[in-house]
Amino acid sequence: DAMVIQNPRYQVTQFGKPVTLSCSQTLNHNVMYWYQQKSSQAPKLLFHYYDKDFNNEADTPDNFQSRRPNTSFCFLDIRSPGLGDAAMYLCATSSRLITEAFFGQGTRLTVV
Amino acid sequence: GQQVMQIPQYQHVQEGEDFTTYCNSSTTLSNIQWYKQRPGGHPVFLIQLVKSGEVKKQKRLTFQFGEAKKNSSLHITATQTTDVGTYFCAGPGANNLFFGTGTRLTVIP
């Protein structure tokens, strides 16, 4: 059974048109992460939630926002996608900070 | 800032040969984790090492954490085509998880 589910698997959006990616989990984990992964690169942490506490990485552009309305769901909002934002976006959860992370299958974002 | 580097970046091996990837951190780590990402897939957790000098085995995979807790290695004995993918180490930052640069393994049948 899938434990971290990301929707959609593939998303095509227009340059500058806001887009939202979603992530849900059945693990009841406190921590939810959003990573951006470009081709042949390592996952790059954008931000994470510990419960309701939001933690933004210093180099995450303001164009990226996140919401976590409850324990199970987390959303990644890209306000004005640029061509450089085309990537795989990975959601991950863990029970505590810095412990084993469980990843969803990712959403591949294309910007046209 | 914290940096976690891996070498080599790419490795091509004949099926049956051994493979090793090395992970080096600029800072001392409380633990080190290893993940495998198949082509087109997502990272999957393999193991976590916590103690200085710790060695753990999973079938043909051997993981080691350095004495100074700043480096780690993953060794695969007698590679198989199912071992293909990118292997990442990941080290904890102050309150998050940083991934190493990864080693992409290709196994030639």
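For the structure itself, consult the block above.
Residues numbered from 1 in each chain as written. Chains lettered and ligands numbered in written order. Predicted model: local features only at pLDDT ≥ 70, side-chain atom pairs only at ≥ 80, totals over all residues. Heavy atoms only, no water.

Student: A description of the overall build of chain B should follow, citing residues and the corresponding values.
Tutor: When you go through chain B residue by residue, the secondary structure sums to zero helices and 11 strands. Each helix (α) and strand (β) of chain B, taken in turn from the N terminus, gives the series β-β-β-β-β-β-β-β-β-β-β. Taking 109 residues into account, the globule formula puts the C-alpha radius of gyration at 13 Å, and chain B, at 13 Å, falls close to it. Once the C-alpha set of chain B is aligned to its principal axes, its extents read approximately 40 × 25 × 20 Å. Among the 109 residues that make up chain B, the fraction classed as buried is 44%. For chain B, the proportion of contacts with a sequence separation of at least 24, taken over those separated by at least 6, is 53%. Roughly 5,200 Å² of accessible area belongs to chain B as shown, and the carbon and sulfur atoms make up 52% of that amount. Within chain B, the 6 negative side-chain charges are centred at a point lying 9 Å from the centre of the 10 positive side-chain charges. (Helix = DSSP H or I, 4+ residues; strand = E, 2+ residues; numbered from the N terminus. Rg over C-alpha atoms; globule rule 2.2 N^0.38 Å. Buried < 20%, exposed > 50% of the residue type's maximum accessible area, 1.4 Å probe, protein only. Contact = heavy atoms within 4.5 Å. Areas by Shrake-Rupley, 256 points an atom, 1.4 Å probe, with all protein chains shown as cover. Lys, Arg positive; Asp, Glu negative; His and termini not counted. Charge placed at Lys NZ, Arg CZ, Asp CG, Glu CD.)

Student: Describe the sheet that holds strand β8 (residues 73-78) of chain A, listing the residues and the values that go with them.
Tutor: All names here are of chain A. Taken together, four strands build an open sheet; the order of strands is β1-β3-β8-β7 and the sheet is antiparallel. Sheet topology places β1 (4-7) and β7 (64-67) at the edges, where each strand pairs with a single neighbour. Between one strand and the next, the sheet's axes are offset by a mean angle of 20°, whatever the strand orientation. In this structure, β7 lies alongside β8, joined through four bridges in antiparallel fashion. Across the sheet, Arg67 pairs through a bridge with Phe75, a residue of β8. (Pairing = 2+ DSSP bridges. Axes fitted to C-alpha atoms, helices over the stretch in contact; angles between N-to-C directions.)

Student: Give a detailed account of the state of the cysteines, specifying residues and quantitative values.
Tutor: Residues and elements named next belong to chain A. Within this structure, the stated rule accounts for two disulfides over all chains. In this model, Cys23 is linked to Cys91 through a disulfide, with the two sulfur atoms separated by 2.0 Å. Handedness of the Cys23-Cys91 disulfide follows from its S-S torsion of about -70°: it is left-handed. Of this pair, Cys23 sits in strand β3 (residues 19-25) while Cys91 sits in strand β9 (residues 87-94), and the two are 68 residues apart along the sequence. Residues Cys23 and Cys91 agree in their burial class; the two are buried. (Disulfide = S-S within 2.5 Å.)

Student: A description of the sheet that holds strand β7 (residues 61-65) of chain B should follow, citing residues and the corresponding values.
Tutor: Residues and elements named next belong to chain B. Reading across the sheet, the five strands line up as β1-β3-β8-β7-β6 and stay open at both edges, with antiparallel pairing between neighbours. Each end of this open sheet is capped by a strand with a single partner; those strands are β1 (4-7) and β6 (55-58). Within the sheet, the average angular offset between the axes of one strand and its neighbour, ignoring direction, is 15°. Here four bridges tie β1 to strand β3 (residues 19-25), and the two strands are oriented antiparallel to one another. Following the sheet pairing, Gln6 is matched in β3 by Cys23.

Student: Describe the layout of surface pockets, with residues and values.
Tutor: Taken as a whole, the largest pocket spans an internal volume of roughly 480 Å³. Taken together, 21 residues line the largest pocket, and the ones lying closest to its centre are Pro43, Lys44 and Leu45 of chain A together with Phe98 and Phe99 of chain B. Counting only elements with at least two residues in the lining of the largest pocket, the list comes to β4 (31-37) and β5 (44-50) of chain A together with β10 (97-99) of chain B. Considering only residue class, the lining of the largest pocket consists of nine nonpolar, eight polar and four charged. Its volume calculated, the second largest pocket comes out at about 400 Å³. Looking at the second largest pocket, it is lined by 24 residues, and the ones nearest its centre are Gln37 and Ser40 of chain A together with Gln37, Thr86 and Arg104 of chain B. Grouping the amino acids of the lining of the second largest pocket by side-chain chemistry returns seven nonpolar, 13 polar and four charged. (1 Å grid on protein atoms, 1.4 Å probe; cavity = no way out; pocket = protein on both sides within 12 Å on 5 of 7 lines; lining within 4 Å. Points joined across faces, edges and corners; volume = space filled by probe spheres on them. Nonpolar A, V, L, I, M, F, W, Y, C, P; charged D, E, K, R; others polar.)

Student: An account of the interface of chain B and chain A is needed here, citing residue identities and associated values.
Tutor: At the interface, 20 residues of chain B touch 20 residues of chain A. Together chain B and chain A conceal approximately 1,600 Å² of surface at their shared face, both sides included; 56% is due to carbon and sulfur atoms. Taken together, chain B and chain A are joined by zero salt bridges. Our enumeration of links across chain B and chain A arrives at four residue pairs in polar contact (both at pLDDT 80 or more). Taken together, the elements giving at least two residues each to the side of chain B that touches chain A come down to β4 (32-37), β5 (44-49), β9 (85-92) and β10 of chain B. (Buried area = accessible area lost by both parts, 1.4 Å probe. Salt bridge = Lys/Arg side-chain N within 4 Å of Asp/Glu carboxyl O. Polar contact = N/O pair within 3.5 Å; in protein donor to acceptor, adjacent residues only side chain to side chain.)

Structural measurements only, silent on function.
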